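# Structural description and commentary
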Amino acid sequence: SAVISQKPSRDICQRGTSLTIQCQVDSQVTMMFWYRQQPGQSLTLIATANQGSEATYESGFVIDKFPISRPNLTFSTLTVSNMSPEDSSIYLCSVRGPLGYEQYFGPGTRLTVT
Amino acid sequence: RKEVEQDPGPFNVPEGATVAFNCTYSNSASQSFFWYRQDCRKEPKLLMSVYSSGNEDGRFTAQLNRASQYISLLIRDSKLSDSATYLCAVSTGNQFYFGTGTSLTVIP
């Protein structure tokens, strides 16, 4: 499976500020996915990051709040903008596995907004 | 209706016990099915894919029932190290849907 790293691993941020999370994969992948996992909840897909085109956002998530960059086939960033305490969550990036249908996750970024 | 529904538990079982988790899905067009394991404060990790014929990996057995639209995970001879949250996942087209996870604690 791909090796995925994320930075930062955790952060505590003030309300109204923004945080950019980086995701690096050790191999080239077409699609990268950004998920959110709120306390006690399951994984919710925020958006799919495609290299060379705009990210595709899921219902309830908008580009102004969660801008995504995908400059190449091994890297993506997710920015959480104008944060509020409701954004406190774990943010995970993921990629498809070599068979194309399973998913692997990065270690996650634990965000706390005060 | 949620795409994937899963009993959150918690399941507290003694070492050596057999425990089973079920997960139902709503879309009959779903194509691929998985079980993930998530340890506390860690990311989900793929435990096993679930095939129509059922599949086994050591103490773990996964089964799929397309007619009733559910998947199951059976853990035999539970170990303390099996304590974790187990999430089912269903793939429909390009979409992945996860259950909320079932918490398992294996007690000495």
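This write-up is about the structure you can find in this document. This structure is a prediction, so every number in the text was calculated from the model and none was measured. (Residues numbered from 1 in each chain as written. Chains lettered and ligands numbered in written order. Predicted model: local features only at pLDDT ≥ 70, side-chain atom pairs only at ≥ 80, totals over all residues. Heavy atoms only, no water.)

## Section: the nonpolar core
Within the largest apolar cluster, 25 residues are counted, with the highest numbers of intra-cluster contacts made by Ile46, Phe66, Tyr91 and Leu111 of chain A. Ranked by residue count, the leading element in this core is strand β3 (residues 19–25) of chain A, at four residues. Look past the residues within four positions of Tyr91 of chain A in its chain and what remains in contact with it is Gln6, Ile21, Tyr35, Arg36, Ile46, Phe66, Leu78, Val80, Gly108, Thr109 and Leu111 of chain A. Phe33, Ala62, Leu64 and Ile71 of chain B belong to the second largest nonpolar core, which has 23 residues in total. (Core = buried A, V, L, I, M, F, W, Y, C linked by side-chain atoms within 4.5 Å. Buried < 20%, exposed > 50% of the residue type's maximum accessible area, 1.4 Å probe, protein only. Helix = DSSP H or I, 4+ residues; strand = E, 2+ residues; numbered from the N terminus. Contact = heavy atoms within 4.5 Å.)

## Some thoughts on the pairing of strand β7 (residues 60–65) of chain B
Residue and element names in this part refer to chain B. Inspection of the sheet shows strand β6 (residues 55–57) paired to β7 by three bridges, in the antiparallel sense. Bridged to Asp57 within β7 is Phe60. Turn length for the β6-β7 hairpin, with the two strands adjacent in sequence and antiparallel, is two residues, and the turn residue Gly58 shows positive phi of about 65°. As paired elements, β7 and strand β8 (residues 70–75) share six bridges and run antiparallel to each other. Bridge pairing in β8 links Phe60 to Ile75. Connecting β7 to the antiparallel partner β8 that follows it, the hairpin turn spans four residues, and Gln69 within it adopts a positive phi of roughly 60°. (Pairing = 2+ DSSP bridges.)

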